[in-house]
Amino acid sequence: MAQNHQTLGAIYPDDMWLDYDIARMLDEFRKYLPEQVPMVSARTHVPMFPVGADEPADGSSVELGIWLAENGDIEAAAARLMRLKPSVFAYYCTTASFVQGVAGDEALKKRVEDATGLPCTTSSSAIVNALHCLDVRRVATASPYMEDVNQALISFLAECDIEVVNSNPLHYLQDHSIVPPETIREAARRSDVPEADAVLISCTGQKTADFISGLEEEIGKPVVTSNQATGWQALKMMGVEPRLPGRGALFGN
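Residues numbered from 1 in each chain as written. Predicted model: local features only at pLDDT ≥ 70, side-chain atom pairs only at ≥ 80, totals over all residues. Heavy atoms only, no water.

1. Examining the confidence of the model for the protein chain
Item 1. In this model, the protein chain carries a mean pLDDT of 90, and residues with pLDDT of at least 70 account for 92%.
Item 2. Every residue in residues 50-60 scores below 50 in pLDDT, and together they form 14 contacts with partners more than four places removed in sequence or on other chains. (pLDDT = per-residue confidence, 0-100. Contact = heavy atoms within 4.5 Å.)

So, in structure tokens, the structure goes:
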């Protein structure tokens, strides 16, 4: 594919609430894009606790994921970004895009496309495409998720003919985006089992770019992450060759 100059419109849920943490996450998104592809971004609101609750009483986070997907903020964020003339949209939230299965993921993409007239990927769609591109059919997963969301991820991947052979969720109800990189790296390493073709680190809040190639070398198999796959898919949609040094097998190294 020929190189060209296009702009990625990134939409993400703000579950960080501090500019410091937001800046670090946006920097992580950009690490999976070449210099000639600029990124513009807009955030959507995330309440501190699941909708309708004063505190997270039962540890369930599926309800919040569904609310994030359905409340209309995503289309509104896309509409705001249109002033900056993006070429392609990417919705950077894995949970909200897989929590209602493949049909929910497809509906989310279509809503953005209908609202803007531009193509859109989600992190969940991108992960599936990335795993299929690498000929992966069995994965071990690591994530910050509660068990209800972890099970929704397993079900989503099963719909896409990808079997989860082992999983290691860290059971964070909130604060996914401030999990230390060394914590999620170790969770991924521990999740790996011989029967897995690859390891998947799910959640766009995870900072993986600086260790992904080293982890691949250590475990001897591809590592796919939410942000890596989303950047890769967006570049393919733009017609830009997704090749970057130090960003894992998906990016050609």
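2. A short note on unusual backbone geometry
Item 1. The phi dihedral of Lys85 falls on the positive side, at around 60°, and the residue is not glycine.
Item 2. Relative to the helices and strands, Lys85 is located in the loop between α3 (73-81) and β3 (88-91).
Item 3. Overall, Lys85 belongs to the exposed group, its relative accessible area being 66%.
Item 4. Phi at Asp161 is positive, roughly 65°, even though this residue is not glycine. (Helix = DSSP H or I, 4+ residues; strand = E, 2+ residues; numbered from the N terminus. Buried < 20%, exposed > 50% of the residue type's maximum accessible area, 1.4 Å probe, protein only.)

3. Considerations on the nonpolar core
Item 1. Core analysis: the largest hydrophobic core is formed by 62 residues, its most contacted members being Leu8, Tyr12, Phe98, Leu131 and Leu157.
Item 2. Apart from residues lying up to four places away in sequence, Tyr12 is in contact with Ile22, Met25, Leu26, Phe29, Ser41, Ala42, Arg43, Thr44 and Tyr92.
Item 3. Counting residues in hydrophobic clusters, the runner-up holds 19 residues, among them Ala69, Phe89, Ala96 and Leu108. (Core = buried A, V, L, I, M, F, W, Y, C linked by side-chain atoms within 4.5 Å.)

4. Notes on the pairing of strand β7 (residues 198-201)
Item 1. Of the two faces of β7, the one carrying Ala198 and Leu200 and the one carrying Val199 and Ile201 are both buried.
Item 2. Bridge analysis of β7 against strand β8 (residues 223-225) gives three bridges, and the strand direction is parallel. Residue pairing across strands places Val199 opposite Val223, the latter belonging to β8.
Item 3. Each parallel crossover has a hand, and for β7 linked through helix α9 (residues 212-219) to β8 it is right-handed. (Pairing = 2+ DSSP bridges. Right-handed = clockwise from strand over helix to strand, strands pointing away.)

5. A short note on the environment of Pro47
Item 1. Among the secondary structure elements, Pro47 is positioned in the loop between β2 (39-45) and α2 (62-70).
Item 2. Here the alpha-carbon distance between Pro47 and Phe98, two residues 51 residues apart in the chain, equals 19 Å.

6. Notes on the pattern of salt bridges
Item 1. Taken as a whole and assessed by the stated rule, the structure comprises 11 salt bridges.
Item 2. Taking the shortest distance from any N to any O, the salt bridge between Glu106 and Lys109 comes out at 3.0 Å. On the criterion of helical spacing, the pair formed by Glu106 and Lys109 is a turn pair, its members being three residues apart in helix α5 (residues 101-116).
Item 3. Residue classification places Lys109 among the buried positions, given a relative accessible area of 14%.
Item 4. Taken together, the shared-partner salt bridges connect Arg185, Glu186, Arg189 and Glu218 into one network. (Salt bridge = Lys/Arg side-chain N within 4 Å of Asp/Glu carboxyl O.)

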